[in-house]
Amino acid sequence: MDSSRQTLSFLKRRFAEIGIQPNAKHGQNFLIDLNVLDFIVRSADVGPGDFVLEIGTGTASLTARLAQRATRVLSVEIDETLSQLASEELAAFDNVQLLQQDVLRNKNNFHANVLEAIQQNVQQPGVEQFKLVANLPYNVATAIVSNLLLTEHVPVSMTVMIQKELADRIVAEPSTKDYGSLSVWVQSQAIPLVLRELPPDIFWPRPKVHSSILQIVFSPDKRSLISDLKFFHDFVRTIFLHRRKFLRGSLLSSFKHELDKPTVDAVMAALSLKSDARAEQLTTPQLLELSNAVQAAIANRH
């Protein structure tokens, strides 16, 4: 199978030959518009010196394009049959490492094997930077983007095909319906931009939702402002559990064992936050400032 020819009729025939069907449980939707694949690779600006992580190898159509340009490619595929098919397609490339397994240990953590493989690849001679380029399985896209920003090796960029609804959440502004913990978490460390929105008919099988190509460019300067990544990550998730609740009430219920009412009131007053403020109204810098203040207040009480 020539992976550059991933058309609908070609995929259907090849799948019939090996007796498999796309697996909905694994979020398998295959791109059948080759121009979109080329657009993803161009947008990611993949070239010599790049180590690229791909999640969801599929039939290796995108993998082959990445391998032709990058110094190293690590591609992870959960489906054993597809992984075997991809290994045959990529046999000519000596710069590709295939892992057949789930990329996640659980929804909050990458699998140790994947983290170890990333570590090994970033240390390879000739590797200058790390990028994520993928048509992400929609059922794990949120976990992948969120968790990568907690890891030791953060990609300089993530260029990914994801569900449009998820892309909208990531780029959302304060006081909008899509703005939430994921918006804040990504925007606190990176600059996200929707490059293109796409209809369902570019996939086989056709999903029920529209898709977006999203690029997230990591900003070390932004990340340096976060004193404790894990605390801020947990803080933002907690504070948005009841997004329309008054912020004062959210802080008191979320940190009832660590902070009393006078302390919460003092923190909010110090940051000029009114008693009727809500988390969904605060900008990312304001939430980071609040997180740091809460953490400091907790530390002062112990």
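Residues numbered from 1 in each chain as written. Predicted model: local features only at pLDDT ≥ 70, side-chain atom pairs only at ≥ 80, totals over all residues. Heavy atoms only, no water.

Draft legend 1. Fine view of the nonpolar core. L251, L290 and V294 are the most contacted members of the largest nonpolar core, which totals 66 residues. In terms of residues, this core owes the most to one element, helix α13 (residues 284-300), which gives six residues. If we skip the residues at most four places from it in the chain, L290 touches F235, L247, L251, V267, L271, L273 and L282. In this structure, V41, L90, V133 and M161 belong to the second largest nonpolar core, which totals 26 residues. (Core = buried A, V, L, I, M, F, W, Y, C linked by side-chain atoms within 4.5 Å. Buried < 20%, exposed > 50% of the residue type's maximum accessible area, 1.4 Å probe, protein only. Helix = DSSP H or I, 4+ residues; strand = E, 2+ residues; numbered from the N terminus. Contact = heavy atoms within 4.5 Å.)

Draft legend 2. Local environment of the sheet that holds strand β9 (residues 190-198). Taken in spatial order, the seven strands of this open sheet run β4-β3-β2-β7-β8-β11-β9, and their pairing is mixed. A single partner strand is all that each edge strand has here, and the edge strands are β4 (96-100) and β9. Adjacent strand axes in the sheet meet at a mean angle of 20°, parallel and antiparallel pairs treated alike. Of the strand pairs in this sheet, strand β8 (residues 157-163) and strand β11 (residues 211-218) are connected by seven bridges, and their pairing is antiparallel. Along β11, the bridge assignment pairs S157 with V217. Relative to strand β3 (residues 72-77), helix α5 (residues 112-122) is tilted by about 170°, and along the sheet it contacts β2 (50-55), β3, β4 and β7 (129-135). Lying over the sheet, helix α6 (residues 141-148) contacts β2, β7, β8 and β11, oriented at roughly 160° with respect to β8. (Pairing = 2+ DSSP bridges. Axes fitted to C-alpha atoms, helices over the stretch in contact; angles between N-to-C directions.)

Draft legend 3. Local environment of the environment of K107. In this fold, K107 is placed in the loop between β5 (104-106) and β6 (109-110). The class of K107 is exposed, set by a relative accessible area of 62%. In sequence terms K107 and A143 are 36 residues apart; their C-alpha atoms lie 5.9 Å from each other. The contact partners of K107, leaving out residues within four places of it in the chain, are A143 and N147.

Draft legend 4. Spotlight on the packing of helix α11 (residues 247-254) against helix α12 (residues 261-270). Running from N to C, α11 and α12 cross one another at 135°; their axes reach a closest spacing of 10 Å. Comparing the axis directions of α11 and α12 gives the class oblique. Helix-helix and strand crossings are classified by hand; for α11 and α12 the assignment is right-handed. Contacts from L247, R248, L251 and L252 in α11 reach K261, V264, D265 and M268 in α12. (Parallel < 35°, antiparallel > 145°, perpendicular 65-115°, else oblique. Left-handed = near helix turned anticlockwise from the far one by under 90°.)

Draft legend 5. Geometry of the packing of aromatic side chains. Scanning the entire structure with this criterion turns up seven aromatic pairs. On the basis of an interplanar angle of 40° and a centroid distance of 6.3 Å, the ring pair of W185 and F232 is categorised as tilted. Here W185, found in helix α8 (residues 181-187), pairs with F232, found in helix α10 (residues 229-239); they are 47 residues apart in sequence, far enough to count as distant. The exposure class assigned to F232 is buried, which follows from its relative accessible area of 1%. In this structure an aromatic cluster arises from ring pairing among F231, F235 and F255. Between R196 and the ring centre of F39, over which it is positioned, the NZ or CZ distance is 3.8 Å. (Phe/Tyr/Trp six-rings, centres within 6.5 Å; stacked < 30°, edge-to-face > 60°. Lys NZ or Arg CZ within 6 Å of the ring centre and 35° of its normal.)

Draft legend 6. Focus on the pairing of β3. Most of β3 is tucked away, with six of its six residues classed as buried. Neither face of β3 is exposed, since R72, L74 and V76 on one face and V73, S75 and E77 on the opposite face are all buried. Where β2 meets β3, five bridges bridge the pair, whose relative direction is parallel. Its bridge partner being in β3, I55 is matched across the sheet by V76. Handedness of the crossover is the feature at issue here: the chain leaves β2, passes through helix α3 (residues 61-67), returns alongside β3, and the resulting connection is right-handed. Both β3 and β4 contribute to a ladder of five bridges, which runs parallel. When the bridges of β4 are listed, V76 appears paired with L99. Read as a crossover between parallel neighbours, the route from β3 over helix α4 (residues 80-89) to β4 is right-handed. (Right-handed = clockwise from strand over helix to strand, strands pointing away.)

Structural measurements only, silent on function.
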